[in-house]
Structures are given as C-alpha cells and as structure tokens.
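Working through the structure, step by step
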Amino acid sequence: MEFILYEQKGAVGTITINREKALNALNSTVLDELNQTLDAVNLDEVRCLILTGAGQKSFVAGADIGEMSSLTKAEGEAFGKKGNDVFRKLETFPIPVIAAINGFALGGGCEIAMSCDIRICSENAVFGQPEVGLGITPGFGGTQRLARLVGAGMAKQMIYTARNIKADEAYRIGLVNAVYPQEELMAAAEKMAGGIAKNAPIAVRNCKKAINEGIDVDMDAAIVIEEKLFGDCFETEDQKYGMAFFLDKNKEKVKEPFKNC
Ligand code: CAA
C-alpha cells in the first residue's frame, strides 16, 4: 500500500496513516487503502486496533484540500460518502479502536478520531473543524459526532468559529480521554490495547455493540439491546471460565488467557 502501514503484535493491530509529506491528509487513495486494511484485519487473532499518523507532527491534517478544490456538488457529496463509509466501518468495527493522536487532528483528522472508540493524544495535539474557513461544512461526520461527544453547544462553537483547540482543552471538554508526552503516547496506546485484548473477546465486542447501538435510541429500546447482548455471552467458554475462576477459592490458581473470538 502507498499510504497505510499495518502491523500486528500479538492480539493488537496498529494502522498508521503514512502520508507524512502532506501531514497525513486524507485523499481518495488513503481512504480506499484504509478501507482495504480494515477488511484485511485478522479478526480471529486481533482483539484491539490502534490508529495513528506517521511522524511527530500530525495525526491527520484533514481531508485533502487539493483534491477537494475542484469538485462539483455531486463529486463533493460522493467524496463525503466515501469518507463517511470508511469512518462508519471503523466506528462499527467489531473490535475496539483506539486513536493515538500524535499532532494535528483537523477537519477529517478530528472526524476520524471521533469514529474511534477511545481517543488519547500527545501534548502537541491540536484539534479543530476548520471547514467553514474553507467554504465547506465538516463532511466526514463532524457535525454529527462532535455534537454527540462534547455536546451541541461546544460543537457549534468549535465548528462555527473554526477555532483550533489544544490538547488540554480537548481533554477538558471530553474530546480525548488522556494526554501524554509525545514519546509516551504509543506505549500508552499499546498498554491500553493490550489490557483490552486480555479481556473476554465476545464480551468486549458485545459491549461495543451495546454502547454504539444503544446510545441513539430511547432507554426502553436501549436496555433491550443490552439484555440481548448480555444473554449472548452466556454458555460461551469465556463466561464459564471467567465465572468459574472467580468462584474457585484456590488462591494458587493462575488466570489463563481467554480463548474465544
Ligand atoms: N490537504 C492537503 N494538503 C495538506 C493538508 C490538507 N488538509 N494539510 C497540510 N497539507 C500539506 C500542505 O499543503 C503542505 O504541503 P507542501 O509541503 O507540498 O506545501 C504540507 O502538508 C505541510 O503543511 P504546511 O506547510 O501547511 O505545514 P504548517 O506546519 O505550516 O501548518 C497546518 C500545519 C496548520 C496543519 C496546516 O497545514 C493546515 O492548516 N492544514 C489544513 C488543515 C485543514 O484545514 N484541514 C481541514 C481540511 S477540510 C476537511 O477535512 C473536510 C472534511 O471534513 C471532510
């Protein structure tokens, strides 16, 4: 692939958007390759993904402005759909995805981070939706996911003013879960991913599904979604083993890794 690197270490896969000369901006090729990379993840082995950008300066500096500059209305809509389809695939990917945001996360960069389950960033990270300064709206889900994540008032302020915010403010408003020195970011992401990968995989997947599917429906429908996914865990090897391990009073026992995917 030209712009995507993929590495698997044990049960953790790392996707790196590797277009450093353009600060990892998302052109059609990057989006296509990201789509193909997701399709190729070995879900029998991988239990958590990390998404990051190449280099020390930028996570993703947005959709490619050069490519967008000459689009017609129909082509603009199609480009938005291309990005939205890949981001939605990421958001609904069966296993958790951690965004390790190592610099600029602007426009499509902020939007792809918001499609991930968990966001952590380096101290030099900068977030923003600068689109209205370019004469467009956010087009890869920003108007929808930012409002859901940080509330409509803060999302409207960020989007209408096109003002960038630094890591500490992103942390304060709940856009990221934690901020690390740049050199510690990937180790922190890997540690978190490793911790997730150790837990019962069917249960983790069902938690992601329950949260994603329940969040946009009313509570009566949401708890039914949870009930089904909760029930779905029973009779699995992992449920039987996890509970038997707790109930076994032998203090010498050592917990085995969960097996089911
Ligand atoms: N698209 C295309 N190329 C980009 C890019 C982008 N979004 N962001 C950066 N680049 C390119 C620059 O053109 C430059 O290329 P050259 O070396 O060939 O000139 C290279 O990356 C380095 O960028 P700068 O020289 O500008 O670096 P800087 O340190 O001076 O500034 C920056 C960094 C503040 C991030 C600045 O590059 C910038 O403002 N980039 C654009 C950010 C932006 O507006 N993103 C939103 C895009 S619209 C969008 O994403 C729509 C959507 O929702 C789908």
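Refer to the structure printed above.
Read on for a plain summary of the structure. Values in this document were obtained by computation on a predicted structure and should not be read as measured data. (Residues numbered from 1 in each chain as written. Predicted model: local features only at pLDDT ≥ 70, side-chain atom pairs only at ≥ 80, totals over all residues. Heavy atoms only, no water.)

A short note on the site of the ligand
- Around the ligand there are 23 residues in total, and K57, A63, G108, E111 and E131 lie nearest to it.
- Note that a nitrogen atom of the ligand is positioned 3.0 Å from one of the backbone N or O atoms of I65.
- Measuring from an oxygen atom of the ligand, one finds a side-chain N or O atom of E111 at 2.6 Å.
- Compared with its free state, where it exposes 970 Å², the ligand has 60% of that area covered by protein.
- Every element with two or more residues in the shell around the ligand is listed here: α2 (65-68), β6 (104-106) and α4 (108-114). (Near = heavy atom within 4 Å. Polar contact = N/O pair within 3.5 Å; in protein donor to acceptor, adjacent residues only side chain to side chain. Areas by Shrake-Rupley, 256 points an atom, 1.4 Å probe, with all protein chains shown as cover. Helix = DSSP H or I, 4+ residues; strand = E, 2+ residues; numbered from the N terminus.)

So, unusual backbone geometry
- Phi angles above zero are rare outside glycine, and A162 is one such case at about 60°.
- Along the polypeptide, A162 turns up in the loop between α6 (152-161) and β9 (165-166).

Some remarks on the side chain of Q239
- Within the element layout of this structure, Q239 appears in helix α11 (residues 237-247).
- In this view, Q239 contacts C233 and F234; residues no more than four positions away in its chain are not counted. (Contact = heavy atoms within 4.5 Å.)

A short note on a nonpolar patch on the surface
- The grouping of F230, F234, M243, F246 and L247 at the surface amounts to a nonpolar patch, some 570 Å² of accessible area in total.
- With three residues, the top contributor of residues to the nonpolar patch is α11.
- Here L247 is to be found in helix α11. (Patch = residues over 30% accessible without salt bridge, like charges linked within 9 Å, V, L, I, M, F, W, Y side chains within 5 Å. Salt bridge = Lys/Arg side-chain N within 4 Å of Asp/Glu carboxyl O.)

A look at the pattern of salt bridges
- Applying the stated rule across the entire model yields twelve salt bridges.
- Two residues, D39 and K89, come together in a salt bridge whose shortest N-O distance is 2.7 Å. Of the two residues, D39 sits in helix α1 (residues 28-40) while K89 sits in helix α3 (residues 73-91), which places them 50 residues apart along the sequence.
- You can call D39 exposed: its relative accessible area is 52%.
- K89 sits in the partly exposed class, given a relative accessible area of 26%.
- A salt bridge links K209 to E213; the nearest nitrogen and oxygen atoms lie 3.2 Å apart. Note that K209 and E213 are positioned in helix α9 (residues 201-214) at a spacing of four residues, about one turn of the helix.
- On the basis of relative accessibility, which here comes to 38%, the residue E213 falls in the partly exposed class.
- Among the charged side chains, a salt-bridge network with shared partners connects R88, E91 and R145. (Buried < 20%, exposed > 50% of the residue type's maximum accessible area, 1.4 Å probe, protein only.)

Description of the pairing of strand β1 (residues 4-9)
- Relative to strand β2 (residues 12-17), β1 runs antiparallel, the two sharing six bridges. Its bridge partner lying in β2, Y6 is registered against I15.
- Following β1, the chain reverses through two residues before pairing antiparallel with β2; G10 in that reversal takes a positive phi of roughly 60°. (Pairing = 2+ DSSP bridges.)

Regarding the pairing of strand β3 (residues 48-53)
- Most of β3 is tucked away: six of the six residues are buried.
- Burial along β3 is two-sided: the face carrying C48, I50 and T52 and the face carrying L49, L51 and G53 are both buried.
- Here β2 pairs with β3 via six bridges, running parallel. From the neighbouring strand, T16 faces β3, where its bridge partner is T52.
- In terms of handedness, the path from β2 via α1 over to β3 forms a crossover that is right-handed.
- By the bridge criterion, three bridges tie β3 to strand β5 (residues 97-101) in an arrangement that is parallel. By the bridge assignment for β5, I50 is matched with I98. (Right-handed = clockwise from strand over helix to strand, strands pointing away.)

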